[in-house]
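Now for the letters of each chain:
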Amino acid sequence: MGSSSVRHEQPSSLYSHEDDAGSDAHKITTVSETTPLLPDIRVGAGAGCDDKALTQIIKEEIPLLGRYALPVFGSQLLEYTLRVASIVFIGHLSTNALAGASLGFMTASVTGNSIIQGLTSALDTLLPSAWTSSRPNLIGLWSQRMFVVSMASSIPTLFIWFNAEPLFLALKQDPEVAHLASVYLRWSSLGLPAFAFNNISRRYFQSQNLFSVPTHIIIAVSPINLLLNYLFVWGPAPVRLGFIGAPLATSISFNLISILSIIYGIYFVPRTAWHPFSMKMFNGLGILVKLGLSGIGQVAADYWAWEGVALAASLLGPVALASQSILVSSASTIYQAPYSLALATAVRIGNLLGEQKARRAYAAAITGMIWSLVVAAFTSTLFMVFRQSWAYIFNDDPKVVSMVAGIIPLCALFQAFDGITAVTGGILRAQGRQFTGAVLISIAYYVIGIPTGLSLAFKSKMDLLGIWIGLTMALVLCAIVGAWLSLRTDWEHEVERVQERLSMEKDRDRVLGASLEGGEHERGEIWLYD
């Protein structure tokens, strides 16, 4: 089916890899008298792609990457709305209910969702290159291993969620708000394993170029989520649950996405990427933990920085806090576009590295950055055209509208740097350099951006504008350094690292088959990732 379909009509066949836009990742070629005895394994072999001019390769990559990114954007945006829907429905119950839900939502994002998203970003390194290698079933094996790691990491998260009320009270939160936030977290816990599974299954499909599958599934679940929220929060008495109805509806929706993903994977996708369940899923977890921890630093550090800024904005007064909420909500929604492009770029580069096409992987990296500038041009124009009326989407307070209108030009400016930062982060993940990305983001935000922003806001009396100047400085640094790291990459070396990774997995299989200890192989894996 789709790009992963495998034909079985011919009794004798050999796997080959192609690089044409939209081509099959795995295509079977019929053996004949003219079939070479040995495949062409040169770097860049296939469709003559590396014999073309770099500009020509980029022209070929532009529409392909666009087709990859569009369905990813749909799935990312819809999943974001699934989570936000609960806040919207609760917001009409009472002010305290909204405050409690918002506090619970933020806590869930910081202590749970961002952690899982960071961990599962390790699969951006492993899965795409496995799909175009000689061992595509490693996609299934590494996905199983990541689920094991994710479930283990969820234990401390659940402990925090079930004991959150004393923590909120210790932070001087209103007792009623603290109680409601803790209730929100407890009911949200029912969806945490499914949220982890969905992040893994999405990458399982996307690494096989089945980008539209997660989108179709979430499109099917989205109206169900809205209906459940309505029935459980506002519906008739027999089904109305009030406050707890919203997190329960979201948890049910996440589990429904998991069920549909399993059904789709079993009945509608070839088993090329699947690996049978075995004890292997509990071996070789070190790579995933190392990449995952660095991924947390790369993904979660960015999110935590923005949450910290929101806390600082609250000290500037209600107008600044309301304005910050509008700006962050707008920026977060629009960010789904460059982030989706980053995911698509990571998959494309990983596929090409698995095919040993170093030069085309370099071209794909450049293409991703070009696309990010195109997206930024559109979003920046959108901000500037509607700058005077943008805040009215959220609030009617003239002071809030005026403050937002004054900061939006800066928000429009940083779209280009935000897009480049997102895409270069995806490029680094495709290379297994999450740690480099984590260090870059940490320095940019916590050493330069946030301290500068707070100084401008409070010492220089620039208020919220000062904070956004600091954030923009952080993104400028991330964009420049990230682009420099991506463009100076030794792509031939990246191909070698992928082949070495696959070779060590074969070594592990031989060791496990002989019932020997595999620790000696683990020690050699570190150089493959940063």
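Quick caveat: nothing in here was measured; it's all calculated off a predicted structure.

Colleague: How should the UniProt feature "transmembrane region" (unreviewed entry) in the protein be read in this particular structure?
Modeller: The UniProt feature table records "transmembrane region" (unreviewed entry) at residues 213–232, 244–269, 281–306, 326–349, 361–386, 406–428, 435–458 and 464–487. In the segment residues 281–306, helix accounts for 85% and strand for 0%; the C-alpha atoms at its two ends are 36 Å apart. Segment residues 406–428 splits into 100% helix and 0% strand. End C-alpha atoms: 35 Å apart.

Colleague: Can you help me understand the packing of helix H2 (residues 95–120) against helix H7 (residues 192–206) in this one?
Modeller: Any two packed helices are characterised by the angle at which their axes cross and by the distance between the axes. Contact pair H2 / H7: the axes reach a minimum separation of 10 Å and the direction vectors enclose 30°. Taken as axis vectors, H2 and H7 run roughly parallel relative to one another. Relative to H7, the crossing made by H2 is right-handed. Here Asn113, Ile116, Gln117 and Thr120 of H2 lie close against H7, whose contacting residues are Leu192, Phe195, Ala196, Asn199, Ile200 and Arg203. Considered class by class, the residues forming the contact of H2 with H7 number 5 nonpolar, 4 polar and 1 charged.

Colleague: Is there a simple way to think about the environment of Arg67 in this case?
Modeller: Here Arg67 shows up in helix H1 (residues 54–90). Classification of Arg67 as partly exposed rests on a relative accessible area of 47%. A sequence separation of 277 residues divides Arg67 from Ala344, and the C-alpha atoms of the two residues are 9.0 Å apart.

Colleague: Help me understand empty space enclosed by the protein in this model?
Modeller: Think of a ball as big as a water molecule: rolled over the atoms, this probe shows where empty space is left. Evaluation of the coordinates by the stated rule reveals 7 cavities of 30 Å³ or more. Here the largest cavity is characterised by a volume of approximately 180 Å³. Lining the largest cavity are 15 residues, with Ala108, Asn113, Ser188, Thr250 and Phe254 sitting closest to its centre. When residues of the lining of the largest cavity are traced back to their parent elements, those giving at least two are H1, H2, helix H6 (175–188), H7 and helix H9 (245–267). Examining the composition of the lining of the largest cavity, we find that 4 residues originate from one element, H9, more than from any other. For the lining of the largest cavity, the per-class residue count stands at 8 nonpolar, 6 polar and 1 charged. Forming the walls of the second largest cavity are Glu79, Asn198, Ser201, Arg202, Phe205, Pro214, Ile217, Ile218, Ile257 and Ser261. Those elements that provide at least two residues to the lining of the second largest cavity are H7, helix H8 (212–234) and H9. No other element matches H7, which puts 4 residues into the lining of the second largest cavity. Its residues placed into classes, the lining of the second largest cavity shows 5 nonpolar, 3 polar and 2 charged.

Colleague: Which parts of the structure should I look at to understand the nonpolar core?
Modeller: Within soluble globular proteins, side chains that are nonpolar tend to cluster in buried spots. Trp142, Met146, Ile349 and Trp491 are the most contacted members of the largest nonpolar core, which has 77 residues in total. In terms of residues, this core owes the most to one element, helix H11 (residues 318–354), which gives 9 residues. Dropping the residues within four chain positions of it, Trp142 is found in contact with Leu123, Leu126, Leu127, Ala130, Leu288, Arg501, Leu502 and Glu505. Within the second largest apolar cluster, 34 residues are counted, among which are Ala305, Val309, Val404 and Ile407.

Colleague: What is the right way to read the packing of aromatic side chains from this model?
Modeller: By convention here, two paired aromatic rings are described through the distance between centres and the angle between planes. Summed over the entire model, instances satisfying the criterion amount to 16 aromatic pairs. Taking the centre distance of 6.2 Å and the plane angle of 85° together, the rings of Tyr230 and Trp234 count as edge-to-face. In this pair, Tyr230 and Trp234 both sit in helix H8, 4 residues apart, roughly one turn of the helix. Judged by its relative accessible area of 36%, Trp234 is partly exposed. One aromatic cluster is present, built from ring pairs that chain together Tyr204, Phe205, Tyr264, Phe268, Trp274 and Phe277.

Colleague: Is there a simple way to explain H11 in this structure?
Modeller: Every α-helix winds through 3.6 residues per turn, so residues three or four apart in the chain are directed the same way. Along its 37 residues, H11 runs 52 Å from first to last C-alpha, staying within 8% of the 54 Å computed at 1.5 Å per residue. Largest kink in H11: about 30°, centred on Gln336, with the proline Pro338 one to four residues after it. With 26 of 37 residues buried, H11 lies mostly within the body of the structure. Just beyond H11, the residue with positive phi is Gln356, at close to 65°.

Conventions used here
Residues numbered from 1 in each chain as written. Predicted model: local features only at pLDDT ≥ 70, side-chain atom pairs only at ≥ 80, totals over all residues. Heavy atoms only, no water. UniProt positions renumbered as here; feature names shortened; annotations may be inferred. Helix = DSSP H or I, 4+ residues; strand = E, 2+ residues; numbered from the N terminus. Axes fitted to C-alpha atoms, helices over the stretch in contact; angles between N-to-C directions. Parallel < 35°, antiparallel > 145°, perpendicular 65-115°, else oblique. Left-handed = near helix turned anticlockwise from the far one by under 90°. Contact = heavy atoms within 4.5 Å. Nonpolar A, V, L, I, M, F, W, Y, C, P; charged D, E, K, R; others polar. Buried < 20%, exposed > 50% of the residue type's maximum accessible area, 1.4 Å probe, protein only. 1 Å grid on protein atoms, 1.4 Å probe; cavity = no way out; pocket = protein on both sides within 12 Å on 5 of 7 lines; lining within 4 Å. Points joined across faces, edges and corners; volume = space filled by probe spheres on them. Core = buried A, V, L, I, M, F, W, Y, C linked by side-chain atoms within 4.5 Å. Phe/Tyr/Trp six-rings, centres within 6.5 Å; stacked < 30°, edge-to-face > 60°. Expected span 1.5 Å × (residues − 1). Bend = angle between axes of the 7 residues up to and from the residue.

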